[in-house]
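One letter stands for each residue in the lines below.
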Amino acid sequence: MPASEVKSLLEHRYQIINLWRPINNPAFDSPLALCDYRSVDAQRDLVPVKLIYPDREGEVFGVKFTPEHRWKYLRGMNTDEVVLIKWRG
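Residues numbered from 1 in each chain as written. Predicted model: local features only at pLDDT ≥ 70, side-chain atom pairs only at ≥ 80, totals over all residues. Heavy atoms only, no water.

Account for the overall build of the protein chain, naming residues and giving values.
Summing up its helical and strand segments, the protein chain has 2 helices and 6 strands in all. Sequence-ordered secondary structure for the protein chain, helices as α and strands as β, is α-β-β-α-β-β-β-β. Relative to the globule expectation of 12 Å for 89 residues, the C-alpha radius of gyration of the protein chain, 16 Å, shows a markedly less compact shape. Along the longest, intermediate and shortest principal axes, the C-alpha atoms of the protein chain span 40 × 30 × 30 Å. Going through the 89 residues of the protein chain one by one, you find that 12% of them count as buried. Counting only carbon and sulfur atoms, one obtains 55% of the accessible surface of the protein chain, whose full area is about 8000 Å². Computing the positive centroid from 13 side-chain charges and the negative centroid from 12, the protein chain places the two 5 Å apart. (Helix = DSSP H or I, 4+ residues; strand = E, 2+ residues; numbered from the N terminus. Rg over C-alpha atoms; globule rule 2.2 N^0.38 Å. Buried < 20%, exposed > 50% of the residue type's maximum accessible area, 1.4 Å probe, protein only. Areas by Shrake-Rupley, 256 points an atom, 1.4 Å probe, with all protein chains shown as cover. Lys, Arg positive; Asp, Glu negative; His and termini not counted. Charge placed at Lys NZ, Arg CZ, Asp CG, Glu CD.)

Below you can see the structure in the form of structure tokens.
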């Protein structure tokens, strides 16, 4: 997202929706893992990570491991099954 658009976008409500599914085969060898956001301490666990592109820079958060994180994984999902991941701002 261009930095010039951030201020105006944050003046409105928004949602980020991600739909995940295995494409070719059931996910046995590489299952999807999800961390319960309520078990993540944003001040302690999140670390900024730069994304460097040829024409711009961005940033995402990496997550440090801590035993307090609560994880679920979905082993063996079929190609006709999906996980909906939704975040609202």
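Having put the structure on the table, let's press on.
Pulling in residues and values, what's your account of the packing of aromatic side chains?
The relative placement of two aromatic rings is captured by the distance of their centres and the angle of their planes. According to the stated counting rule, one finds 0 aromatic pairs in the structure shown. The aromatic ring of Tyr 53 is capped on one face by Arg 56, whose charged end is 4.3 Å from the ring centroid. (Phe/Tyr/Trp six-rings, centres within 6.5 Å; stacked < 30°, edge-to-face > 60°. Lys NZ or Arg CZ within 6 Å of the ring centre and 35° of its normal.)

Lay out the layout of surface pockets with the relevant residues and their values.
Space inside the largest pocket adds up to approximately 970 Å³. Contributing elements (two or more residues each) for the lining of the largest pocket: strand E1 (15–20), strand E2 (32–35), strand E4 (57–63), strand E5 (71–74) and strand E6 (83–88). Considered class by class, the residues forming the lining of the largest pocket number 16 nonpolar, 1 polar and 4 charged. (1 Å grid on protein atoms, 1.4 Å probe; cavity = no way out; pocket = protein on both sides within 12 Å on 5 of 7 lines; lining within 4 Å. Points joined across faces, edges and corners; volume = space filled by probe spheres on them. Nonpolar A, V, L, I, M, F, W, Y, C, P; charged D, E, K, R; others polar.)

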